Amino acid sequence: MRKNLQVARYLVFDIVAVLISWTLFYVYRKVYVEPEIFGYQIPVVFDDKFYLALLVLPAFWITIYSVSGQYANVYRKSRLLELGGTVMTSLIGVTVIFFLLILNDWIPDYRTYYKLYFTLLILHFGFTYLFRLILTTRTIHRIHKRIIGFNTIIVGGNEKAVRLVEEMMTQSRPAGNKIIGFLTVDDGDNYPLEKYVPNLGSYKDLQKVIREKDIEEIIIAIESSEHQLLSEILILREKQVYAVWGIPDLFDILSNTAKTSTILGSPLLKISNGLMPVWQENVKRLLDVVISLLAVIIFLPVFIVLAIGIKMSSEGPVLYRQERIGRFGKPFTILKLRTMIKNAETDVPLLSSLNDSRITRIGQFMRRTHLDELPQFINVIGGQMSLVGPRPERKYYIDQIARVAPYVVLLQELRPGITSWGQVKYGYASNVEEMVERLQFDMIYLKNISLYVDFKILIYTIMECTRGKGV
């Protein structure tokens, strides 16, 4: 609720900035530009086009800000980073408006274009950043005065945690972390941290404490060399938590893994799972939907031909439905063209192999060319899947993989994909051991996810499909 209210404030300020800047720009054109064109003064009359622009432009700008992530992490904004973000979005948005609405205007010379462009850019950027600066500065001051705070829990109770809490309690300009308590990572009897904050139990109760205490941020206070324990904690954490921070040691600093932009606050480093920046995540989702819609239209004739072939080759439905585990562990029904005989699987889940007798003749062809995956574009449009992401598995196999590689659940940070790094590099897995081997490539994708990597995976997938190798 608090975050939604803050986002609403930014929305209102941004809309007001759009309305003011466009109105002043409109007046500037009437008073200074059009008299140069026509040779006489033009009265400032607000016509239908002006009011239409006041309706359309706010929606245009809000879309740009949303896609670029301007409304994400609204309580953790940096005025300097916001300056850079506002400059970039203003340049992009004003350039689009210029080519769509202004470039066709008749002008005496091209210098007038420059005047119009930079006038709109300065007006829009100036009012937008001014209002944001006021709101962000007010928010930062309220955080420093401890009026606004973020429920935070510490995992670990060592001396590093004690020093951190002592520093946070005495800071003149705190970062806003409201320490609710700490969780232990060993079976000790006495914890120095209990002097300052309550002991809420073991780190294994992390998910329960997050829900009960409405935790927004986590600080992990263990040695960075304890990789297995750190992985277990990250696996246990609730995925919707705003941020996870770690206390850097000398190794982290020397190895360049400790990076922070905080100057006066505690030197915490953000533990990132390699997830995309907000703007890339939004663009990825937009491309997923657009490309999938085009694919459904383009491949509709192919789908019809394959559907006829499936019905002629064996009994059973055209589509095969199966429950898979998606993002944040939520089950969904994946859609595929049926490649096996009817009732190929009974009670016990079975993975297919290279020469599986259950696969029909047309099913062999569809698997080699990945045409059996065509209906999954519907899953992508519905939001259960992405074009690129770790392949979704059944809970039965995820549970088996987790016994060997418990970090497999970290992949649930992402939407599962039609294709993946693991699929391109490794191909189909016919048993759990091979699934664990393929997992390493999906973990590499998790740590290196970007639009650039997605495009490369899509290109290699298309190349392999056209070769009919059935990656």
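Above this text you will find the structure in question.
On a predicted model such as this, the values are computed, not experimentally measured, just so you know.

The rules behind the values
Residues numbered from 1 in each chain as written. Predicted model: local features only at pLDDT ≥ 70, side-chain atom pairs only at ≥ 80, totals over all residues. Heavy atoms only, no water. Core = buried A, V, L, I, M, F, W, Y, C linked by side-chain atoms within 4.5 Å. Buried < 20%, exposed > 50% of the residue type's maximum accessible area, 1.4 Å probe, protein only. Helix = DSSP H or I, 4+ residues; strand = E, 2+ residues; numbered from the N terminus. Contact = heavy atoms within 4.5 Å. Phe/Tyr/Trp six-rings, centres within 6.5 Å; stacked < 30°, edge-to-face > 60°. Lys NZ or Arg CZ within 6 Å of the ring centre and 35° of its normal. Axes fitted to C-alpha atoms, helices over the stretch in contact; angles between N-to-C directions. Parallel < 35°, antiparallel > 145°, perpendicular 65-115°, else oblique. Polar contact = N/O pair within 3.5 Å; in protein donor to acceptor, adjacent residues only side chain to side chain. Arc of directions from axis to C-beta.

Thoughts on the nonpolar core
No. 1: Leu306, Met366, Ile401, Val408, Leu439 and Tyr445 are the most contacted members of the largest nonpolar core, which totals 41 residues.
No. 2: Of all the elements in the fold, those that place two or more residues in this core are α10 (300-313), β8 (331-337), α11 (361-369), α12 (376-381), β9 (386-388), α13 (395-404), α15 (432-448) and α16 (451-467).
No. 3: Considering each element in turn, this core owes the most residues, 7 residues, to α15.
No. 4: Those residues in contact with Ile401 that sit more than four places away from it in its chain are Val408, Val432, Met435, Val436 and Leu439.
No. 5: The next biggest cluster of nonpolar side chains, apart from the first, holds 33 residues, and it includes Trp22, Trp61, Ile97 and Leu116.

Some thoughts on α11
No. 1: When α11 is considered as a whole, its buried residues turn out to be Ile362, Gly363, Met366, Arg367 and Thr369.
No. 2: Buried residues along α11 sit against α10, β8 and α16.
No. 3: Looking one or two places after α11, you find His370, whose phi comes out positive at around 65°.

So, the packing of aromatic side chains
No. 1: All chains considered together, the criterion is met by 18 aromatic pairs.
No. 2: Where Phe46 meets Phe50, the ring centres are 4.7 Å apart and the plane angle is 45°; that geometry is what we call tilted.
No. 3: Its relative accessible area of 35% is what places Phe46 among the partly exposed residues.
No. 4: Judged by centre distance (6.2 Å) and plane angle (65°), the ring pair of Tyr75 and Phe150 falls under edge-to-face. Residue Tyr75 is located in the loop between α2 (48-67) and α3 (79-102), and its partner Phe150 is located in strand β1 (residues 150-155); the two are separated by 75 residues in the primary sequence.
No. 5: You can call Phe150 buried: its relative accessible area is 4%.
No. 6: By way of ring pairs, the aromatic residues Tyr26, Phe46, Phe50 and Tyr51 are connected into one cluster.
No. 7: Over the ring of Tyr10 we find Lys77, and its NZ or CZ is 5.1 Å from the ring centre.
No. 8: For the cation-ring pair, Arg132 lies above Tyr65, with the distance from its terminal atom to the ring centre recorded as 4.4 Å.

Remarks on the packing of helix α9 (residues 278-298) against α16
No. 1: Axis separation between α9 and α16 bottoms out at 10 Å; the angle between their running directions is 30°. The angle between the axes of α9 and α16 places the two elements in the roughly parallel class. Counted together, Trp279, Gln280, Val283, Lys284 and Leu287 of α9 and Leu451, Asp454 and Phe455 of α16 form the full contact between these two elements.

Some words on the environment of Glu373
No. 1: With respect to the secondary-structure elements, Glu373 resides in the loop between α11 and α12.
No. 2: Taking relative accessible area as the criterion, Glu373 reaches 3% and is therefore assigned buried.
No. 3: Considered as a pair, Glu373 and Arg338 are 35 residues apart in the sequence and their alpha carbons are 9.6 Å apart.
No. 4: If we skip the residues at most four places from it in the chain, Glu373 touches Lys336, Arg391, Ile418 and Tyr428.
No. 5: In this structure the side chain of Glu373 is engaged in a polar contact, spanning 2.3 Å, whose partner is the side chain of Gln376.
No. 6: Here the side chain of Glu373 touches Arg391 through a polar contact of 3.4 Å, side chain to side chain.

Concerning helix α6 (residues 206-213)
No. 1: Residues of α6 that are buried include every one of Leu206, Val209 and Ile210, and no others. In a view along the axis of α6, the buried residues occupy a sector of 105°, so they form one face of it. Of the exposed residues in α6, those oriented more than 90 degrees away from the buried face are Arg211 and Glu212.
No. 2: Where α6 terminates, the next one or two residues include Asp214, which has phi positive at roughly 55°.

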